[in-house]
Amino acid sequence: MSFLFGRQPQLSSEQKIAQAEAEIDMVSDMYARLVQSCSKKCLDTSYREADLNKGESVCLDRCVAKFFEVNVKVSEKMQGEAQGKASGGAMFGGGM
């Protein structure tokens, strides 16, 4: 009953593995969305050169930076809302 006093209950090995797998899936999905979005925006589909040109390289660099900046802001916003819901009336059954 330690969860009543603000401590997280201990996770079993299976739960830890499932949590790690879910995190890997989330990171893989984010990477795939980043590659798809920035490639579509920055890369010419005719592939005239084997290497990235200067414009493509700069575009990709900025796109990736913006992608991560937005991702951090959205994560912070969602965490703030989740914490607000958890502390705003959920104690003693007042939230529902």
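Structure's up top.
A brief report on the enclosed structure follows.

Rules used throughout
- Positions within a chain are numbered from 1, following the residues in the order the chain's sequence is written.
- Residue-level local features of this predicted model are given only where pLDDT is at least 70; pairs of side-chain atoms are given and counted only at 80 or more, and the full residue set underlies all totals for whole chains, interfaces and linings.
- Side-chain metrics rest on all non-hydrogen atoms present in the structure, leaving aside hydrogens and water.
- Strands here mean DSSP runs of E at least two residues long; helices mean DSSP runs of H or I at least four residues long; both are numbered from the N terminus.
- Relative accessibility decides the category of a residue: with a 1.4 Å probe and only protein chains considered, values under 20% of the type maximum give buried, values over 50% give exposed, and everything between is partly exposed.
- The Shrake-Rupley method, run with a 1.4 Å probe sphere, supplies the accessible areas, and residue values consider only the shown protein chains as cover.
- Here the expected length of a helix is defined as 1.5 Å per residue gap, with one fewer gap than residues.
- We call two residues in contact whenever any of their non-hydrogen atoms come within 4.5 Å of each other.
- Only one rule defines a salt bridge in this text: a Lys or Arg side-chain nitrogen within 4 Å of an Asp or Glu carboxyl oxygen.

A few points about the overall build of the protein
For the protein, the count of helices and strands is two helices and zero strands. Across the 96 residues in the protein, those meeting the buried criterion constitute 8%. Surface exposure of the protein reaches about 8,700 Å², of which carbon and sulfur atoms provide 58%.

Notes on helix H1 (residues 13–42)
The terminal C-alpha atoms of H1, which comprises 30 residues, lie 43 Å apart, in line with the 44 Å expected from a rise of 1.5 Å per residue. All of the buried residues along H1 are Met 30, Leu 34, Cys 38 and Cys 42. Those residues of H1 that are buried are in contact with helix H2 (54–87).

Looking at the pattern of salt bridges
Under the definition given, this model contains four salt bridges. Among the salt bridges present, the one from Glu 69 reaches Lys 73, with a minimum N-O distance of 3.4 Å. Highlighted residues: Glu 69 and Lys 73, both in helix H2, separated by four residues, approximately one helical turn. For Glu 69, a relative accessible area of 45% gives the class partly exposed. When the shortest N-O distance is used, the salt bridge between Glu 81 and Lys 77 registers 3.9 Å. Here the residue Glu 81 and the residue Lys 77 both occupy positions in helix H2, the gap between them amounting to four residues, near one helical turn.

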